Amino acid sequence: GMSMGINILTYYLLSINFITWVAYGLDKGRAKKGKWRIQERTLLILTAAGGSVGALAGMLLFRHKTKKAKFVVGVPVMLVAHCVITAAAVQWLMK
């Protein structure tokens, strides 16, 4: 029913955003230590997959990718898109 769909959506969004936030934090830590890095492509894929809140939180908290246009512009744009998609999904699920 409706609650199952909402629950799945909620758990998915919580999970993908937590994973994305951790990835941004790990990459920032690795950048400081000069270790192998998480590819920008991977960070952007996680962001696009619904992790825009985690990405933005990671950028702000860890001061990470804040000088790169594709992140500074891309992440907020994806966040707005995700809000619209999520609102539409919730409306559809509540029918």
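In this text the structure is predicted, and so the values were computed from the model without any measurement. (Residues numbered from 1 in each chain as written. Predicted model: local features only at pLDDT ≥ 70, side-chain atom pairs only at ≥ 80, totals over all residues. Heavy atoms only, no water.)

Asker: Before we go on, may I ask you to explain the environment of Leu43 in this structure?
Answerer: If you trace the backbone, Leu43 turns up in helix H2 (residues 40–62). When its relative accessible area of 0% is taken as the criterion, Leu43 is described as buried. Along the backbone, Leu43 and Val72 are 29 residues apart, and their C-alpha atoms lie at a distance of 13 Å. Excluding residues that lie within four positions of it along the chain, Leu43 makes contacts with Ala23, Tyr24, Asp27, Ile38, Lys65 and Phe71. (Helix = DSSP H or I, 4+ residues; strand = E, 2+ residues; numbered from the N terminus. Buried < 20%, exposed > 50% of the residue type's maximum accessible area, 1.4 Å probe, protein only. Contact = heavy atoms within 4.5 Å.)

Asker: Is there a simple way to think about the packing of helix H1 (residues 2–33) against H2 in this case?
Answerer: When two helices pack together, their arrangement is given by the angle between their axes and by how far apart the axes lie. Orientation of H1 relative to H2, taken along the N-to-C sense of each, is 55°, at an axis distance of 7 Å. One finds that H1 runs oblique with respect to H2. Between H1 and H2 the crossing geometry is right-handed. A class-by-class count of the residues in the contact of H1 with H2 yields 16 nonpolar, nine polar and two charged. (Axes fitted to C-alpha atoms, helices over the stretch in contact; angles between N-to-C directions. Parallel < 35°, antiparallel > 145°, perpendicular 65-115°, else oblique. Left-handed = near helix turned anticlockwise from the far one by under 90°. Nonpolar A, V, L, I, M, F, W, Y, C, P; charged D, E, K, R; others polar.)

Asker: How should the packing of aromatic side chains be read in this particular structure?
Answerer: Geometry of an aromatic ring pair is reported as the spacing of the ring centres plus the angle between the planes. Per the stated rule, a full pass over the model turns up three aromatic pairs. Their ring planes at 35° and their centres at 6.2 Å tell us that Phe18 and Trp21 sit as a pair that is tilted. Of this pair, Phe18 and Trp21 are both found in helix H1, three residues apart, which corresponds to roughly one turn of the helix. Measuring from ring centre to ring centre gives 6.1 Å for Tyr24 and Phe71, while their planes differ by 85°; the resulting arrangement is edge-to-face. Remark: Phe71 occurs in helix H3 (residues 69–72) and Tyr24 occurs in helix H1; sequence separation between them is 47 residues. What makes Phe71 buried here is its relative accessible area of 0%. Aromatic ring contacts, followed pair by pair, group Phe18, Trp21 and Phe62 into a single cluster. Taking the ring centre of Trp36 as reference, the NZ or CZ of Arg30 above it sits at 4.0 Å. (Phe/Tyr/Trp six-rings, centres within 6.5 Å; stacked < 30°, edge-to-face > 60°. Lys NZ or Arg CZ within 6 Å of the ring centre and 35° of its normal.)

Asker: What am I meant to see in the pattern of salt bridges here?
Answerer: Oppositely charged side chains can pair when the atoms bearing their charge come close. Applying the stated rule across the entire model yields four salt bridges. Linking Glu40 and Lys65 is a salt bridge whose minimum nitrogen-to-oxygen distance equals 3.1 Å. You can see Glu40 sitting in helix H2 and its partner Lys65 sitting in the loop between H2 and H3, a full 25 residues away along the chain. For the pair Glu40 and Lys65, a shared accessibility class is recorded, and that class is buried. Here Lys70 makes a salt bridge to Glu40, at a shortest N to O gap of 2.9 Å. (Salt bridge = Lys/Arg side-chain N within 4 Å of Asp/Glu carboxyl O.)

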